[in-house]
Amino acid sequence: VMNQFRGTYLSVANMNTLLQQNCAAAKAAGVEIYGIAFAAPANGQSQIQNCSTSVEKYYFDAQNGAQLRSAFNMIATDISDLRLTQ
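Visitor: Sorry if this is basic, but what is going on with the pairing of strand β1 (residues 35–38) here?
Guide: Every other side chain in a regular strand lies on the same face of the sheet, so the side chains alternate between the two faces. Alternating positions in β1 separate cleanly, Gly 35 and Ala 37 being buried on one face and Ile 36 and Phe 38 remaining unburied on the opposite face. By the bridge criterion, 4 bridges tie β1 to strand β2 (residues 59–62) in an arrangement that is parallel. Following the sheet pairing, Ile 36 is matched in β2 by Phe 60.

Visitor: Please clarify how the pattern of salt bridges should be interpreted in this entry.
Guide: A side chain with one charge may pair with a side chain of the opposite charge, provided their charged atoms come close. A full pass over the atoms with the stated rule returns 1 salt bridge. Two residues, Asp 78 and Lys 57, come together in a salt bridge whose shortest N-O distance is 3.6 Å. Here Asp 78, found in helix α5 (residues 65–79), pairs with Lys 57, found in helix α4 (residues 55–58); they are 21 residues apart in sequence, far enough to count as distant. Look at Asp 78 and you get partly exposed, because its relative accessible area is 27%. Take Lys 57: its relative accessible area is 42%, and that puts it in the partly exposed class.

Thresholds applied
Residues numbered from 1 in each chain as written. Predicted model: local features only at pLDDT ≥ 70, side-chain atom pairs only at ≥ 80, totals over all residues. Heavy atoms only, no water. Buried < 20%, exposed > 50% of the residue type's maximum accessible area, 1.4 Å probe, protein only. Helix = DSSP H or I, 4+ residues; strand = E, 2+ residues; numbered from the N terminus. Pairing = 2+ DSSP bridges. Salt bridge = Lys/Arg side-chain N within 4 Å of Asp/Glu carboxyl O.

Geometry only, nothing functional implied.
Structure follows, in structure tokens:
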């Protein structure tokens, strides 16, 4: 039963579809999505790029620790101007 569950629900194609559906719903709701591909394979990079709000501003391809830190610093700088209001 566990193997059937894995084959049905945890296939790469199914997970990619579910990810993109959730990303599309979040973007439609006005959520800004940042994505960092840390030493990710090509499919992972593609999925993260497609999920990010825009490749130019919200997607980072980090291949090492320094690039990962830089990506987080850029995101922190970008969101530091956010304020919660009611």
